[in-house]
Amino acid sequence: MAISHNEEGLVTNITTEDGDKAVFEYFLATTKADVAKDRARITVTDEEGDVTELNLQLNSDGYVEFCNSIDHAGTPDADEFTWEMEYDTEGHLVVMKRSESDGEITNITYKDGDVVKTSTRYVASGDLNGDGIIDSNDEWEYSAAIDYNITAPIENKGCLMLFDEILDVDMDEMIYAYYGGMLGKATKHLPLVGHYTYNGEDSVSDMYFTWTLNSDSYPTELVVKDQWDEYRCTFTW
């Protein structure tokens, strides 16, 4: 991932290894009398040319509090949905609400500056359990519990937040807002183990995270391993 900044330090472009490109535009209030909130737009074009447009409203800390997202922007198949974000007093993202499909709500729990739990609940879209009634019993949820090395925690010096890969939070194109500095603060430490549960099932899937750091304590490689598979991610600073 390559990130470009302007003279003010704001992110202007992000390009991924897959060829996806995110372009940032900012529409900031110029006077205190301006009652409109600071706004920004991120236009994401994937390797196949499909465009997603994120129209962002920012809070007083510069973090996204509302987004109107347009999938397949500029085509007859364009589809709009919204995001709503909430943060704690330390600037961590703790609630994310999406209207996509029939809606989903993600809660992120922090302890001492680190994410220790996430859960995402999907609102009922039909009679999933076949009892003839559409109610809370037709909703489903998945969750993750995250462990760190308590005795010798690894500092998250690079401010990595792997929402999808580790925290089990479905970000889609909104992940670019995080790398643009608009989605709250990172965890203090790097996670070592994740425990994942689907819809209250008794079985728990575990994933293990092994980090390689350079001489400045920035992560250069992450190895993710579960009982079936293993893959690597690399980072360049």
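A few points on the structure.

About the cut-offs
- Residues numbered from 1 in each chain as written.
- Predicted model: local features only at pLDDT ≥ 70, side-chain atom pairs only at ≥ 80, totals over all residues.
- Heavy atoms only, no water.
- Helix = DSSP H or I, 4+ residues; strand = E, 2+ residues; numbered from the N terminus.
- Buried < 20%, exposed > 50% of the residue type's maximum accessible area, 1.4 Å probe, protein only.
- Contact = heavy atoms within 4.5 Å.
- Phe/Tyr/Trp six-rings, centres within 6.5 Å; stacked < 30°, edge-to-face > 60°.
- Polar contact = N/O pair within 3.5 Å; in protein donor to acceptor, adjacent residues only side chain to side chain.
- Patch = residues over 30% accessible without salt bridge, like charges linked within 9 Å, V, L, I, M, F, W, Y side chains within 5 Å.
- Areas by Shrake-Rupley, 256 points an atom, 1.4 Å probe, with all protein chains shown as cover.
- Salt bridge = Lys/Arg side-chain N within 4 Å of Asp/Glu carboxyl O.
- Lys, Arg positive; Asp, Glu negative; His and termini not counted.
- Charge placed at Lys NZ, Arg CZ, Asp CG, Glu CD.
- Core = buried A, V, L, I, M, F, W, Y, C linked by side-chain atoms within 4.5 Å.
- Pairing = 2+ DSSP bridges.

Regarding the environment of F209
Point 1. Tracing the chain through its elements places F209 in strand β13 (residues 205-213).
Point 2. The exposure class assigned to F209 is buried, which follows from its relative accessible area of 3%.
Point 3. C-alpha of F209 to C-alpha of V223: the two residues are 14 residues apart in sequence and 5.7 Å apart in space.
Point 4. Leaving out residues up to four positions away in the same chain, F209 has contacts with I166, P191, L192, V193, G194, Y196, L222, V223 and V224.

Digging into the environment of E173
Point 1. Relative to the elements of secondary structure, E173 occurs in the loop between β11 (140-147) and α1 (175-179).
Point 2. Given a relative accessible area of 28%, E173 falls into the partly exposed group.
Point 3. As a C-alpha pair, E173 and S69 span 104 residues in sequence and 9.4 Å in three-dimensional space.
Point 4. Once residues within four sequence positions are removed from consideration, E173 is found in contact with V44, T52 and L54.

Concerning the packing of aromatic side chains
Point 1. Under the counting rule described, the total for this entry stands at 7 aromatic pairs.
Point 2. Plain terms: the ring middles of F24 and Y26 are 6.5 Å apart, the flat faces sit at 20° to each other, and that makes the pair stacked.
Point 3. Relative accessible area serves as the criterion here: at 22%, Y26 is assigned to the partly exposed category.
Point 4. Between Y218 and W237, the ring centres sit 5.1 Å apart and the planes meet at 40°, which makes this aromatic pair tilted. Of this pair, Y218 sits in the loop between β13 and β14 (219-225) while W237 is found in the segment after β15 (230-234), placing the two residues 19 residues apart along the sequence.

Quick look at the side chain of T106
Point 1. Looking at where T106 falls in the secondary structure, it is placed in strand β9 (residues 104-111).
Point 2. In this structure T106 comes out as buried when scored by relative accessible area, which is 1%.
Point 3. For T106, the side chain forms a polar contact with the side chain of T120, separated by 2.8 Å.
Point 4. Residues in contact with T106, not counting those within four places in the same chain, are V94, V95, M96, S119, T120 and V169.

Re a negative patch on the surface
Point 1. A cluster of acidic residues, E17, D18, E47 and E48, forms a negative patch on the protein surface.
Point 2. Relative to the helices and strands, E48 is located in the loop between β4 (39-45) and β5 (51-58).
Point 3. Its relative accessible area of 72% is what places E48 among the exposed residues.

Some words on the nonpolar core
Point 1. Counting 51 residues, the largest nonpolar core has I42, L56, V64, F163 and L183 as the members making the most contacts within it.
Point 2. Not counting residues up to four positions away in its chain, the partners in contact with L56 are D38, R39, A40, I42, V64, F66, C67, M174 and M182.

What to know about the pairing of strand β2 (residues 11-15)
Point 1. Bridge count for strand β1 (residues 2-5) against β2 is 4 bridges, and the pairing is antiparallel. Residue pairing across strands places S4 opposite N13, the latter belonging to β2.
Point 2. In sequence, β2 turns back onto strand β3 (residues 21-27) through a hairpin of 5 residues, with G19 there showing a positive phi of about 95°.

Comments concerning the pattern of salt bridges
Point 1. Scanning the entire structure with this criterion turns up 7 salt bridges.
Point 2. Taking the shortest distance from any N to any O, the salt bridge between E25 and R41 comes out at 3.1 Å. Placement of E25 in strand β3 and of R41 in strand β4 is noted, with a sequence separation of 16 residues between them.
Point 3. Take E25: its relative accessible area is 31%, and that puts it in the partly exposed class.
Point 4. You can call R41 partly exposed: its relative accessible area is 24%.
Point 5. Of the charged contacts in the structure, one is a salt bridge between K97 and E86, with a shortest N-O distance of 3.9 Å. Taken as a pair, K97 in strand β8 (residues 93-98) and E86 in strand β7 (residues 79-87) lie far apart in primary sequence, 11 residues in all.
Point 6. Given a relative accessible area of 33%, K97 falls into the partly exposed group.
Point 7. For E86, a relative accessible area of 38% puts it in the partly exposed group.
Point 8. Sharing partners across several salt bridges, the network here consists of R98, E104, D170 and D172.

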